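Topology and contacts: notes
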Amino acid sequence: MSEIEIRARRFDASESQALIRAALADLGARYGGSGDDTPVDAAEFEPPAGTFLVAYLDGQPVGCGGWRSHGDDAAELKRMYTVPAARGRGVARAVLAAVERSARDHGRKRMILECGDKQPEAIGMYTSAGYERIPNFGFYQDAPGCLSYGRTL
């Protein structure tokens, strides 16, 4: 089995954007529309206010995720995705752990996230990683099926 390599990349880099487009297409297939209309600015993922990471297997980008500041001591997880061919190989868990480390290293005490009820794989991963339901927040807080999670870093 290949080793997963995770590197910090700019949110607006071409390989980051290719993965983000795939993530949005996946969400669009599940929920309709564009997949996610949450306002996101690439500058939000620049240290020390955030970070964006890309995972590689055999030199190919296969997953991504990042965090952006949410208040003074929290980080919001955004754009977690693994390409279908790499699923089940630990990519998402490795990215999640790296995103959490980065946020903690930048002084964040808590990670929060929004996802939807049509993402059972994500919900399973987050709950098994210690995330618990929190009051909904963010762009979709009042949308049917919105689920918000958080955990102390």
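Everything below is about the structure printed above this text.
Residues numbered from 1 in each chain as written. Predicted model: local features only at pLDDT ≥ 70, side-chain atom pairs only at ≥ 80, totals over all residues. Heavy atoms only, no water.

**Focus on the pattern of salt bridges**
Enumeration over the complete set of coordinates arrives at 11 salt bridges. Linking R9 and E15 is a salt bridge whose minimum nitrogen-to-oxygen distance equals 2.7 Å. For R9, a relative accessible area of 29% puts it in the partly exposed group. Among the ionic pairs, R10 bridges to D12, the shortest N-O distance being 3.0 Å. By relative accessible area, which is 46% here, R10 ends up partly exposed. Residue D12 is classed as partly exposed on the basis of its relative accessible area of 42%. Three or more residues joined by partner-sharing salt bridges are found here, namely R10, D12 and E46. (Salt bridge = Lys/Arg side-chain N within 4 Å of Asp/Glu carboxyl O. Buried < 20%, exposed > 50% of the residue type's maximum accessible area, 1.4 Å probe, protein only.)

**Some thoughts on helix α1 (residues 14-31)**
In this model, α1 (18 residues) spans 25 Å end to end at C-alpha, consistent with the 26 Å of a helix rising 1.5 Å per residue. The elements touched by buried residues of α1 are β2 (50-57), β3 (60-70) and β4 (74-82). The positive-phi residue at the C-terminal boundary of α1 is G32, with phi of around 90°. (Helix = DSSP H or I, 4+ residues; strand = E, 2+ residues; numbered from the N terminus. Expected span 1.5 Å × (residues − 1). Contact = heavy atoms within 4.5 Å.)

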